[in-house]
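What follows is each chain in one-letter form.
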Amino acid sequence: MEKMITIPRYIVVDEDRNAIYEILSKLNLKNPLVVVGKSTKKYAPDFEYIYYSDINLEDSDIKNITKGYDSVIGVGGGRSIDIGKYIAYQTGIPFISMPTTASNDGIASPVVSLRQPSILVDPPIAVVVDLNIIRKSPKRLLSAGFGDMVSNITAVLDWKLAHREIGEGYSESSAIFSKTIAEELMDYVLRDIHLSHYPEKLVKALIGSGITISIAGSTRPASGSEHLFSHALDYLKKKYELDVDSLHGEQCGVGTIISSYLHYKEDNLSYEDMENIRLSLKRVGAPTTGKKLGFEEEILIEALTIAHAIRKRYTILRKGISKERAEEILKECEVI
Ligand SMILES: NC(=O)c1ccc[n+]([C@@H]2O[C@H](COP(=O)([O-])OP(=O)(O)OC[C@H]3O[C@@H](n4cnc5c(N)ncnc54)[C@H](O)[C@@H]3O)[C@@H](O)[C@H]2O)c1
Ligand SMILES: O=P(O)(O)OC[C@@H](O)CO
Ligand SMILES: [Zn+2]
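Now for a look at the structure at hand. If you're wondering where the values come from, they're calculated on a predicted model, not measured in any experiment.

Some thoughts on the packing of helix 6 (residues 172-191) against helix 7 (residues 198-216)
Then, in step 1: For the pair helix 6 and helix 7, the least separation of the axes is 9 Å and the interaxial angle reads 165°. On the basis of the axis angle, helix 6 is roughly antiparallel to helix 7. The interaxial crossing formed by helix 6 with helix 7 has left-handed handedness. Mapping the contact onto sequence places S173, S174, F177, S178, I181, L185, Y188 and V189 in helix 6 and Y198, K201, L202, A205, G208, S209, I211, T212, I215 and A216 in helix 7.
Then, in step 2: Looking at the contact of helix 6 with helix 7 residue by residue, the classes come out as 11 nonpolar, 6 polar and 1 charged.

Below is the structure:
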């Protein structure tokens with residue numbers, strides 16, 4: 001069925017450490033395999049587990065890993081959730097997402113981004129969030145999550161541009177949903193100097209972002225030219241074996257500063273909205289320059305010149321930007 005939309009059946013965001021057990025019994029799941037990171041094992045529910053770092057994804061018999069289990073639970077940051085989601089999908093059993101931080105929108109999405117281009121799989125059948133754990137998670141991860149959320153603003157502008165210029169399909173409902181949740185969160189960050197409700201609002205926004213991807217049947221509402229820039233940085237990290245530990249959401253945040261500048265220059269975005277993106281990223285402590293991300297200028301320039309070619313996705317980068325123009329743009333929007 002072409003147009004079927006699949007979203008998580010249960011979403012729990014509260015302070016109850018036992019919610020996972022109630023969800024498992026509602027779903028009549030008795031024997032999950034928990035995929036967890038070394039630093040998040042302490043948050044895992046009491047079932048058999050495997051460290052994601054011990055899973056060889058190239059393994060042809062991924063099915064052996066989940067043999068005898070009726071479901072997979074991913075506990076941790078983006079990587080353990082991605083890997084858990086992936087092995088559950090490969091073996092056709094349900095996946096439950098238990099994020100221990102809010103660093104990107106893989107929490108509830110039907111996406112696995114272990115390599116580019118990301119692939120569409122089933123979304124988690126349930127998302128179980130313990131806010132006490134999220135609130136205590138490293139601030140840097142919560143800042144990265146904001147970068148992956150504010151990126152939806154330029155992603156939707158790129159999607160509209162592709163619809164206008166090359167007639168690409170466009171889902172109004174998914175786009176409006178995505179843009180609104182991103183702008184709501186940004187407005188909150190600009191309004192509340194104490195950010196007292198930020199972790200809860202961030203995790204709910206990221207869950208919403210994952211749902212917009214399910215509605216669209218594509219990452220278009222959450223991934224545009226700003227993500228192409230981030231993926232280009234990931235590619236160059238590997239190509240030059242760079243020792244930079246920047247996070248996906250942090251890279252997307254800087255990418256959004258660049259993309260919002262390009263959209264502002266083409267009158268798709270107001271100067272105020274462009275500046276609010278930079279200010280809100282600063283407010284949550286996310287990197288707003290290439291230097292704070294940890295990259296040399298020439299890497300940032302090369303990333304912007306190759307970003308359009310990372311995957312087949314039409315954005316404001318169009319057929320690409322010259323090295324000279326990339327340097328000018330990065331200087332004009334103060335990323336270098
Ligand atoms: N599916 C998607 O849509 C999507 C999108 C972007 C990225 N991803 C995936 O996510 C990965 C990036 O995720 P990330 O930015 O979270 O980085 P990560 O998962 O590589 O690292 C997060 C780190 O924080 C630790 N951590 C998590 N919660 C913690 C807590 N409460 N206390 C202390 N430490 C905690 C984790 O153990 C891990 O070491 C990518 O490699 C990719 O696989 C998926
Ligand atoms: O399709 P991509 O570009 O991997 O995007 C997926 C996710 O990062 C969106 O926030
Ligand atoms: Zn992302």
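As for the pairing of strand 2 (residues 32-36)
Then, in step 1: Burial runs high along strand 2: 5 of the 5 residues are buried.
Then, in step 2: What you see with strand 2 is no split at all: P32, V34 and V36 on one side and L33 and V35 on the other are buried throughout.
Then, in step 3: Sheet analysis places strand 2 next to strand 4 (residues 71-76), joined by 5 bridges and oriented parallel. Bridged to P32 within strand 4 is S71.
Then, in step 4: As paired strands, strand 2 and strand 3 (residues 49-51) are joined by 3 bridges and run parallel to one another.

Topic: the coordination of the zinc ion (ligand 3)
Then, in step 1: With distances of 2.1 to 2.2 Å, the protein atoms coordinating the zinc ion (ligand 3) are D148 (OD), H227 (NE2) and H248 (NE2).
Then, in step 2: Donor residues for the zinc ion (ligand 3), ordered by position in the chain, follow D-x78-H-x20-H. Of this pair, D148 sits in helix 5 (residues 139-166) while H227 sits in helix 8 (residues 225-239), and the two are 79 residues apart along the sequence.

Description of the site of ligand 1
Then, in step 1: S39, D82, T100, S103 and V111 are the nearest of the 23 residues found near ligand 1.
Then, in step 2: Within the contact set of ligand 1, an oxygen atom lies 2.6 Å away from a side-chain nitrogen or oxygen of S103.
Then, in step 3: In this structure, a nitrogen atom belonging to ligand 1 sits 2.8 Å away from a main-chain N or O atom of V111.
Then, in step 4: Burial of ligand 1 by the protein chains amounts to 82% of its free accessible area of 850 Å².
Then, in step 5: By residue number, the principal contributor to the shell around ligand 1 is helix 3 (residues 78-91), which donates 4 residues.
Then, in step 6: Partitioned by chemical class, the residues of the shell around ligand 1 number 6 nonpolar, 13 polar and 4 charged.

Reading the values: rules and limits
- Residues numbered from 1 in each chain as written.
- Chains lettered and ligands numbered in written order.
- Predicted model: local features only at pLDDT ≥ 70, side-chain atom pairs only at ≥ 80, totals over all residues.
- Heavy atoms only, no water.
- Axes fitted to C-alpha atoms, helices over the stretch in contact; angles between N-to-C directions.
- Helix = DSSP H or I, 4+ residues; strand = E, 2+ residues; numbered from the N terminus.
- Parallel < 35°, antiparallel > 145°, perpendicular 65-115°, else oblique.
- Left-handed = near helix turned anticlockwise from the far one by under 90°.
- Contact = heavy atoms within 4.5 Å.
- Nonpolar A, V, L, I, M, F, W, Y, C, P; charged D, E, K, R; others polar.
- Buried < 20%, exposed > 50% of the residue type's maximum accessible area, 1.4 Å probe, protein only.
- Pairing = 2+ DSSP bridges.
- Donors = N, O, S within 2.8 Å, 3.2 Å for Na, K, Ca; no water.
- Near = heavy atom within 4 Å.
- Polar contact = N/O pair within 3.5 Å; in protein donor to acceptor, adjacent residues only side chain to side chain.
- Areas by Shrake-Rupley, 256 points an atom, 1.4 Å probe, with all protein chains shown as cover.

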